[in-house]
Amino acid sequence: MTPEEEAEFIRRRKSRNIVLGLVLGFFAVLFYAITFVKMGA
Amino acid sequence: MIFTGLCGLLAAPGTIHPVIGFTAVLCIALGAGGAAVLNQWWEADIDAQMKRTAQRPLPAGRMHRDDARDFGMFLSGTSIVVMGLAVGWLAAAILAFSIFYYSVIYTIWLKPRTPQNIVIGGGAGAFPPMIGWVAVTGDVTLMPVLLFAIIFFWTPPHFWALALFVETDYAKAGIPMMPVVHGDGPTRTQIIIYTLVLLPIAVAPWFVGGTGAIYGVSALVLSLGFFGLAIPVSRRRSDQVTDKMKAEKRLFAYSVFYLFALFAALVADRLLASFGVFA
């Protein structure tokens, strides 16, 4: 793997990880909200 | 599918907490996504033979086939479990059946075997408003069945209008699409029959008292327009057409507008009734 290819690989992995982190955070907030709604029902 | 699912949810009698309603629509979207991934996993070799689909992630080699299968199963399973726990198990059961219907009954079993595949596939796209409705009410009554029937009978003329003017290579891939197997004439005849059958079904929610006049009159006018645009399409043949398929393109564009307007009218009818207008 050339240095350019490695840099591209790291860049793409980083952006994938950011998206995955945001998705996980979103679901954590959603399940938190669902739990409160269900407990209040 | 997300739009019709949301409309089913908003038009249903009763109330749902916004967080639970959002979760229901999200699960419909995740389930539809999961079913689409499983479809592309199964059809990767067919997609590779067709120009329109050859650049999808699997045939283009951007994703491993097993990863796609696992991702599709994960999305489908997650959407069903979350729907069951957060919204209700009847809505989850219908979502599960719709994913099974699209992935197995349609994609694996009937799509490669019958030229009626579009009719059968239409069933899969018809489930979301029913799921949205059931998410609110918790039971299956005549109204969600009618919403299912509307999309079921709308799909064939919508898709076949497109198939008449878009060059496809389904024949090369061995998929028996109606225009390929039975030809131009019978496809055009089927289009007019389906738009005619759709008319009373679209108006039926008004007749059974499930909606008010806003929806009823909208459905009648929209369906007459759909039928009216299908008439010139049914009366000509592709080899005689000299206007670059103008009537077919107009019918396809109208079919998209038709479904959007019909479900928007359904929601408007319900919301205005809840505010005491045209109750």
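Please read these numbers as outputs of a predicted model, since none were measured by experiment. (Residues numbered from 1 in each chain as written. Chains lettered and ligands numbered in written order. Predicted model: local features only at pLDDT ≥ 70, side-chain atom pairs only at ≥ 80, totals over all residues. Heavy atoms only, no water.)

With that settled, consider a nonpolar patch on the surface. All names here are of chain B. A cluster of nonpolar residues, Leu90, Val140, Leu142, Val145, Trp206, Phe207, Val208, Val217 and Val221, forms a patch on the protein surface that exposes about 800 Å² of accessible area. Sorting the residues of the nonpolar patch by element identifies helix 8 (142–165), helix 11 (184–207) and helix 12 (213–234) as the ones contributing at least two each. By the secondary structure assignment, Val140 is in the loop between helix 7 (127–137) and helix 8. (Patch = residues over 30% accessible without salt bridge, like charges linked within 9 Å, V, L, I, M, F, W, Y side chains within 5 Å. Areas by Shrake-Rupley, 256 points an atom, 1.4 Å probe, with all protein chains shown as cover. Salt bridge = Lys/Arg side-chain N within 4 Å of Asp/Glu carboxyl O. Helix = DSSP H or I, 4+ residues; strand = E, 2+ residues; numbered from the N terminus.)

Another point: the pattern of salt bridges. A complete count under the given rule lists eight salt bridges over all chains for this structure. Salt-bridge contacts for A:Glu8 lead to A:Arg11; the nearest nitrogen and oxygen are separated by 3.0 Å. Note that A:Glu8 and A:Arg11 are positioned in helix 1 (residues 3–40) at a spacing of three residues, about one turn of the helix. In this structure, B:Arg236 and B:Glu248 form a salt bridge, with 2.7 Å as the shortest nitrogen-oxygen distance. Taken together, the positions of B:Arg236 in the loop between helix 12 and helix 13 (246–274) and B:Glu248 in helix 13 put the pair twelve residues apart, joining distant regions of the chain.

In this section: the domain arrangement of chain B. A common way to report how large an interface is uses the accessible area buried once the components associate. Residue and element names in this part refer to chain B. Split by domain assignment, chain B resolves into domain 1 (1–138) and domain 2 (141–279). Here domain 1 and domain 2 have C-alpha centroids that lie 21 Å from each other. If you look at the interface, domain 1 gives 29 residues, while domain 2 gives 32 residues. Each partner contributes to the roughly 2,700 Å² buried at the junction of domain 1 and domain 2, and carbon and sulfur atoms together form 75% of this total. Of all residues in domain 1, the largest losses of buried area upon contact with domain 2 belong to Pro115, Ile118 and Trp133, amounting jointly to 22% of the total for that side. Here domain 1 is connected to domain 2 by one residue pair in polar contact (both at pLDDT 80 or more). In terms of residue count, helix 6 (residues 117–125) provides more of the side of domain 1 that touches domain 2 than any other element does, six residues in total. Residue classes in the side of domain 1 that touches domain 2 are distributed as 17 nonpolar, eight polar and four charged. (Domains from an automatic or database assignment. Contact = heavy atoms within 4.5 Å. Buried area = accessible area lost by both parts, 1.4 Å probe. Polar contact = N/O pair within 3.5 Å; in protein donor to acceptor, adjacent residues only side chain to side chain. Nonpolar A, V, L, I, M, F, W, Y, C, P; charged D, E, K, R; others polar.)

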